[in-house]
Amino acid sequence: MNPRTRSLRRALVGLTASLFVLLGTAGLSAQAYQPAGLNITPGSDGSSLDFAWLSNGPIGKPVVQIAMASDQKGDAFPAAKATAFPGTASKVAATAFSTDDQTVTLDSVSNKVTVTGLVDSTDYVYRVGDGKQWSTSSSVSTRDPKSFGFFAVGDPQLGAKSTGPKTLDSDAAGWRTTIEKATTAFSGASFLVSLGDQVNDYNALAAQDAEYAAYFAPAQLRSLPVATVDGNHDFAMGEYYGYHYNLPNLSTRYGISYGNDGDYWFVYGNVLFLMLNSNSESVATHDLFIRDAVARNPGARWRVACFHHSVFSEADHYADPDVIDRRTNYPPVFERYKIDVVLQGHDHAYTRSLPIAKGKPVEGADPAATTIVNPTGIVYFTLNSGSGSKFYDWKDAVPEVFSAARWQGKVPSFSYISVNGNTFSVATFRTDDMSVIDTFTITKD
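Note that the structure is predicted; figures quoted are calculated from it, not measured.

Rules behind the numbers
Residues numbered from 1 in each chain as written. Predicted model: local features only at pLDDT ≥ 70, side-chain atom pairs only at ≥ 80, totals over all residues. Heavy atoms only, no water. Helix = DSSP H or I, 4+ residues; strand = E, 2+ residues; numbered from the N terminus. Buried < 20%, exposed > 50% of the residue type's maximum accessible area, 1.4 Å probe, protein only. Contact = heavy atoms within 4.5 Å. Areas by Shrake-Rupley, 256 points an atom, 1.4 Å probe, with all protein chains shown as cover. Core = buried A, V, L, I, M, F, W, Y, C linked by side-chain atoms within 4.5 Å. Expected span 1.5 Å × (residues − 1). Axes fitted to C-alpha atoms, helices over the stretch in contact; angles between N-to-C directions. Parallel < 35°, antiparallel > 145°, perpendicular 65-115°, else oblique. Left-handed = near helix turned anticlockwise from the far one by under 90°. Nonpolar A, V, L, I, M, F, W, Y, C, P; charged D, E, K, R; others polar. Pairing = 2+ DSSP bridges. Salt bridge = Lys/Arg side-chain N within 4 Å of Asp/Glu carboxyl O.

(A) Structural context of the overall build of the protein. A count of helices and strands for the protein gives eight helices and 24 strands. Within the protein, buried positions represent 58% of all 445 residues. Counting contacts in the protein only where the partners sit at least 6 residues apart, residues at least 24 apart contribute 70% of the total. By element, 52% of the accessible surface of the protein is carried by carbon and sulfur atoms, the whole surface being about 16800 Å².

(B) Geometry of the nonpolar core. Judged by nonpolar contacts, the single largest core of 65 residues is most densely connected at Phe273 and Leu343. Leaving out residues up to four positions away in the same chain, Phe273 has contacts with Phe150, Phe191, Tyr264, Trp265, Phe266, Tyr268, Val304 and Cys306. By size, the runner-up hydrophobic cluster in this structure holds 26 residues, among which are Ile290, Val294, Ile339 and Val342.

(C) Inspection of helix 7 (residues 283–296) at higher detail. An ideal rise of 1.5 Å per residue puts 20 Å on 14 residues; helix 7 measures up with 20 Å between its terminal C-alpha atoms. Turning to helix 7, its buried residues number three or more, namely Thr285, His286, Asp287, Phe289, Ile290, Ala293 and Val294. Residues of helix 7 that are buried sit in contact with strand 12 (264–268), strand 13 (271–275), strand 14 (302–309) and helix 8 (321–336).

(D) Here's a closer look at the packing of helix 7 against helix 8. Look at helix 7 against helix 8: their axes get within 10 Å of each other, and the N-to-C directions meet at 15°. For the element pair helix 7 / helix 8, the angle class is roughly parallel. Considering the relative orientation of helix 7 and helix 8, their crossing is right-handed. Contacts between helix 7 and helix 8 pair Val283, His286, Asp287 and Ile290 from the former with Asn329, Tyr330, Val333, Phe334 and Arg336 from the latter. Across the contact of helix 7 with helix 8, the residue classes tally to five nonpolar, two polar and two charged.

(E) Representation of the pairing of strand 20 (residues 379–382). Residues Val379 and Phe381 point to one face of strand 20 and Tyr380 and Thr382 to the other, with burial holding for every one of them. Examined bridge by bridge, strand 15 (residues 341–345) and strand 20 share four bridges and lie parallel to one another. Bridge pairing in strand 20 places Gln344 opposite Thr382. Sheet analysis places strand 16 (residues 350–353) next to strand 20, joined by two bridges and oriented antiparallel. Bridging from a neighbouring strand, Arg352 pairs with Phe381 of strand 20.

(F) Region of the structure containing the sheet that holds strand 15. Taken in spatial order, the seven strands line up as 12-13-14-15-20-16-21 in an open sheet, and their pairing is mixed. The two strands at the open ends of the sheet, each matched to only one other strand, are strand 12 and strand 21 (403–407). Taken pair by pair, the neighbouring strands of this sheet meet at an average axis angle of 15°, ignoring direction. Pairing geometry for strand 13 and strand 14, over five bridges, is parallel. Bridged to Leu272 within strand 14 is Arg303. Along the sheet, helix 7 makes contact with strand 12, strand 13 and strand 14, crossing strand 13 at roughly 160°. Sheet strands touched by helix 8: strand 14, strand 15 and strand 20. Its angle to strand 14, the strand with the most contacts, is close to 170°.

(G) Quick peek at the sheet that holds strand 7 (residues 123–129). Strands sit in the order 4-3-7-8 across an open sheet of four strands; the sheet is antiparallel. Both edges of this open sheet fall to strand 4 (83–86) and strand 8 (138–141), since each of them pairs with a single strand only. The mean angle between the axes of side-by-side strands here comes to 30°, regardless of whether they run parallel or antiparallel. Sheet analysis places strand 3 (residues 63–68) next to strand 7, joined by six bridges and oriented antiparallel. Residue Gln65 lies in a different strand from strand 7, and its bridge partner there is Arg127.

(H) Examining the pattern of salt bridges more closely. For the coordinates displayed, the defined rule picks out 14 salt bridges. Note that Asp71 is salt-bridged to Lys81, the shortest N-O span being 4.0 Å. In this pair, Asp71 sits in the loop between strand 3 and strand 4 while Lys81 sits in the loop between strand 3 and strand 4, placing the two residues ten residues apart along the sequence. On the basis of relative accessibility, which here comes to 23%, the residue Asp71 falls in the partly exposed class. Lys395 is the salt-bridge partner of Glu400, the closest N and O atoms lying 3.1 Å from each other. With a relative accessible area of 33%, Lys395 lands in the partly exposed category.

(I) Focus on the environment of Leu272. Relative to the assigned elements, Leu272 resides in strand 13. Among the residues examined, Leu272 registers a relative accessible area of 0% and is labelled buried. Distance from Leu272 to Ala293, taken between C-alpha atoms, is 8.3 Å for residues 21 residues apart in sequence. Not counting the four nearest positions on each side in its chain, Leu272 is found in contact with Trp265, Phe266, Val267, Ala293, Val294, Asn297, Ala300, Trp302, Arg303 and Val304.

(J) Fine view of the side chain of Asp340. Residue position: Asp340 is located in the loop between helix 8 and strand 15. Take Asp340: its relative accessible area is 13%, and that puts it in the buried class. Beyond its immediate stretch of four places on either side in the chain, Asp340 contacts Arg301, Trp302, Arg303, Ile378, Val379, Ile442 and Lys444.

Right under this line is the structure:
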């Protein structure tokens, strides 16, 4: 065993204890069962939700109990009226890239459970456990998928503070503020889309765990489902990224880097969400994934592609060779399958493109327009940092020809996207004063 590997093995002694100190309660009070990093992902459709968390010790039998909130009397969880959903568990293996790609098995378990049969516009209470011991209960509500809204954020990347004191506390505070202000302003949101790089550190597992603890910590995330995509920092953690989330319709063939991180899709209302692992640069595999997802959901009126590496943006990553490659190869695929909107992160600055077709702005597109009817091309949104951990400046002082709007205020921001039948509207806000950065509406008549 080489010295670097021995160093890794020594560093892992006691890692599990620190994992559960750091990830541990994530907003839960002391109970017999303590899930680490408990989170919810939108299910395959509006009638289901996917739960994930880490636990200590041997592999157990994860269970989610869920009941209508109206069945709860007082503080006691209504176990007699709850439905139990069993799940699957697996040992966590993590790849540490700073130590010659050595894979080690940690004394922690990844638990994943899918809850089905949920009713629209209904309040629920739930708890997770092993069938014998239970966590504190939390609430979650379904919404009306016929007319709904959701949040989108770029790069929380907790732990990446690039200006001022480099402390995780600062990033975590910015993330909490974004979640608090967004959910206060739009309390009926159905879910959140996080566009990659949820955390920053890909060398030290203990640092990753502290960052994950901060990412999952906002209390609102016990009730707000979050659909993530795999960023380059997430990708560099190897298999560890995929153990944290339970992703619906996760492909075992397309967009795969480590086996638990492929492309996935879900439908909400009349929108098909195509969640791509853009760390996989094989455009052919994404093409096949989108083809299959579209074929399985022919009734979706809107098609939205979400991935990390922005192809039409204007900051530090604009001229990266891998980004140029995606800018060349991704748009023809999106146009082939009539994608309406693309949501991206990676460039830590806000950009909204003009409608793009055949790799360039549609002729005659008006940069000043805030509404568009039956567009020929695709509108690409690149979102700024959701936590304020890192911001990038513009590559050039003059906007690119594909840009309709861009903004870099060096404060966190988020977008609220509302879908109502034949309209798809995006409003983007800065979190310091909640003023509007940009609005845009697409209508299909």
